[in-house]
Every structure is written in structure tokens, then in C-alpha cells.
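# Observations on chain architecture
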Amino acid sequence: MSSVVANLATVRANIDGATRRVGRDPADVRLVLVTKTVAAERVQEAVEAGQSDLGENKVQEGRGKAQALAGLPIRWSMIGHLQSNKVKDVLRFADEVQSLDRLSLATALDKRLQHLGRGLDVLVQVNTSDEASKYGLHPDEVQAFLRELPAFASLRPLGFMTLARFTPDVAEVRRCFRLLKGVRDRALQDAPQGDQLRHLSMGMSGDYEIAIEEGATIVRVGQAVFGPRPLPDSYYWPDAGAVA
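Here's a quick rundown of the structure. (Residues numbered from 1 in each chain as written. Predicted model: local features only at pLDDT ≥ 70, side-chain atom pairs only at ≥ 80, totals over all residues. Heavy atoms only, no water.)

Right, let's get into the pairing of strand E1 (residues 30-34). Of all five residues that make up E1, four are buried, and the element is covered over most of its length. As defined by bridge partners, E1 adjoins strand E8 (residues 218-221) across four bridges and the pair is classed as parallel. Within E8, the residue paired with Leu33 across the bridge is Val221. Strand direction decides the pairing type here: E1 and strand E2 (residues 53-56), joined by two bridges, are parallel. Paired with Val34 across the two strands is Gly55, which belongs to E2. (Buried < 20%, exposed > 50% of the residue type's maximum accessible area, 1.4 Å probe, protein only. Helix = DSSP H or I, 4+ residues; strand = E, 2+ residues; numbered from the N terminus. Pairing = 2+ DSSP bridges.)

Moving on: helix H2 (residues 40-48). By the burial criterion, the buried members of H2 are Ala40, Val43, Ala46 and Val47. Buried positions in H2, seen along its axis, are confined to an arc of 110° and lie on one side of it. Of the exposed residues in H2, those oriented more than 90 degrees away from the buried face are Glu41 and Glu48. Residues of H2 that are buried make contact with helix H1 (3-21), E1, E2, helix H3 (59-68) and helix H9 (223-226). In the stretch just after H2, Gly50 is the one whose phi turns positive, near 105°. (Arc of directions from axis to C-beta. Contact = heavy atoms within 4.5 Å.)

For the rest of this paragraph, the subject is the pairing of strand E5 (residues 120-125). Within E5, six of the six residues are buried, which leaves it mostly tucked inside the rest of the structure. With burial as the criterion, each face of E5 is covered, one bearing Leu120, Val122 and Val124 and the other bearing Asp121, Leu123 and Gln125. Two elements, strand E4 (residues 96-100) and E5, share three bridges in a ladder whose sense is parallel. Looking across to E5, one finds that Leu100 is bridged to Val124. For the crossover from E4 across helix H5 (residues 103-116) to E5, the handedness is right-handed. Two strands pair when backbone bridges link them, and E5 and strand E6 (residues 155-161) are joined in this way by six bridges, in the parallel orientation. Residue pairing for E6: Gln125 is matched across the bridge by Met161. (Right-handed = clockwise from strand over helix to strand, strands pointing away.)

Our focus in this paragraph is the packing of aromatic side chains. To describe a pair of aromatic rings, you give the distance between the ring centres and the angle between the ring planes. Applying the stated criterion across every chain yields a total of one aromatic pair. Here Trp76 and Phe93 contribute two aromatic rings whose centre-to-centre distance is 6.2 Å and whose plane-to-plane angle is 85°, an arrangement assigned as edge-to-face. Residue Trp76 is located in strand E3 (residues 75-78), and its partner Phe93 is located in the loop between helix H4 (87-90) and E4; the two are separated by 17 residues in the primary sequence. For Trp76, a relative accessible area of 4% gives the class buried. Among the residues examined, Phe93 registers a relative accessible area of 8% and is labelled buried. (Phe/Tyr/Trp six-rings, centres within 6.5 Å; stacked < 30°, edge-to-face > 60°.)

Turning our attention to the nonpolar core. Leu100, Leu109, Leu146, Leu155, Phe160 and Val219 are the most contacted members of the largest nonpolar core, which has 64 residues in total. By residue number, the principal contributor to this core is helix H7 (residues 170-190), which donates six residues. Every residue in contact with Leu146, bar those within four places of it in the chain, is listed here: Val124, Phe160, Ala187, Ala191, Pro192, Gln193 and Leu197. Judged by nonpolar contacts, the second largest core, of six residues, contains Leu123, Met161, Leu163 and Met204. (Core = buried A, V, L, I, M, F, W, Y, C linked by side-chain atoms within 4.5 Å.)

You can see Glu41 is positioned in helix H2. For Glu41, a relative accessible area of 57% puts it in the exposed group. The spacing of Glu41 and Ala68 is 27 residues in sequence and 8.8 Å in space, taken between C-alpha atoms.

Right, let's talk about the pattern of salt bridges for a bit. If you walk through the whole model with that rule in mind, you get 22 salt bridges. Here Arg156 makes a salt bridge to Asp121, at a shortest N to O gap of 2.7 Å. Of the two residues, Arg156 sits in strand E6 while Asp121 sits in strand E5, which places them 35 residues apart along the sequence. Taking the relative accessible area as the measure of exposure, Arg156 reaches 39% and is therefore partly exposed. Residue Asp185 pairs with Lys181 through a salt bridge whose shortest N-O separation is 3.2 Å. Pair noted here: Asp185 and Lys181 are both in helix H7, with a separation of four residues, about one helical turn. A single network of salt bridges, built from pairs that share partners, joins Arg21, Arg174, Arg178, Glu209, Glu213 and Glu214. (Salt bridge = Lys/Arg side-chain N within 4 Å of Asp/Glu carboxyl O.)

In C-alpha cells:
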């Protein structure tokens, strides 16, 4: 058994354990395997072990990997910051965008999707750590943003995404996750999308079990399966936040 397959099994077991600790069904949590900087051959090992949900941070890397793995049963999510001028390229491979954070991006996505005659699952990114280095709406901006989204008929908002503060302070990490859950709970009551907005994408390699305990329905895990990257995230992505 390869290290990728063994690590993937461990992560799945940890997800199962975390859900059961808080009385949740493991089937309620979707694992998105983050493949940034990982060679397509190693990603294929995970896909052959049954992992179909993959996530990428950069459009160019995602397109290249999607082409290399074409024909395999994969659903790609764009989980990194998305520039409006990259919309055409991201829609060549992504079935979901988890980083919707401004109306100009919603406009660009909807225009292209209307041209393609298709829809797109999206999550609204929220900056729960209040760090200037991270993208996402301030929690107080979310309700107004959601009221604008019905104008973009091709977008299917399904919930919210965040990156907790990258810190060993577990209480602070939980605070970020609880803040997003509070945003979601208010949206379920007040937003025009109603109960469509149930999903919480939160938790990465260092904190996904905590995220599940706090209500995550999607976790984004990379290094716990593929091992540490040869260089820090800041080398690949100068604006990177926490570790996926």
C-alpha cells in the first residue's frame, strides 16, 4: 500500500471518529483532497483508492492536472482566490467554486455560465479570522451579499467557506469555525436562498477534526495525505493563509 493510500485511509478514519464523537453521521462530511503542488501521478493513486473530490488553489495548475487526469471519476473544486479574468479558464475544469467573495466575481461567473448554458455550485468565502492577508467577506457583509445573489441565475449558493487563523490556539480556531456556523445559521433563517445554504467548508490538514466537531460538512485536506510540501506555502502563493 502506498503512503498516499495509507494516509487517505487514516484521514477517512479520523473523519469517521470526529463525526461520531459529536453524534454526527460520517456521510454528512465531504472530503475535498487538496492537490496543490502534487504530481498528477500521486493524485491518481488517491483517485484509484476511491477519492473523487479534488480541490485546487490555482487555475493554471488545476487545468493542467484536470487534463492529465481526464477520464477519471473526478469532481474538481476551485478553493483558492479567483480573479475575474480567470473565470473562463476555471470553468473548463471546475464543478464548484468555494471562494466566491465579491459581486464582480459573481457577475463574471454568471456571464460565462450563461454563455455555456450551465450552472455552478458556489460557496461564499467569509473572513472569520479578521486577517488582512485573507480573502473573504466580513461576517457583517454576508447577509447583504446573499440578497444580491439571486440576480445571478447560473450560480447555486450552497453555503460558506472559511480559513481559520493558523495558530496552535485551539480556542481561536474553534472561534473562527463557530463564527462561520453562526453566519450560516442566520442565513438559513433570513437569506433568500433559505435552507440551500447548509454547507460549511472549514478545516484543513491541521484542524479538520476540530472543524467537524464544530459542524463542518466539507473539509479540505492535502498535506495529511500527500505529506509536507518541499517549500512553504508562501513560496508558491505569497498571499497564502493556513495549510491545507
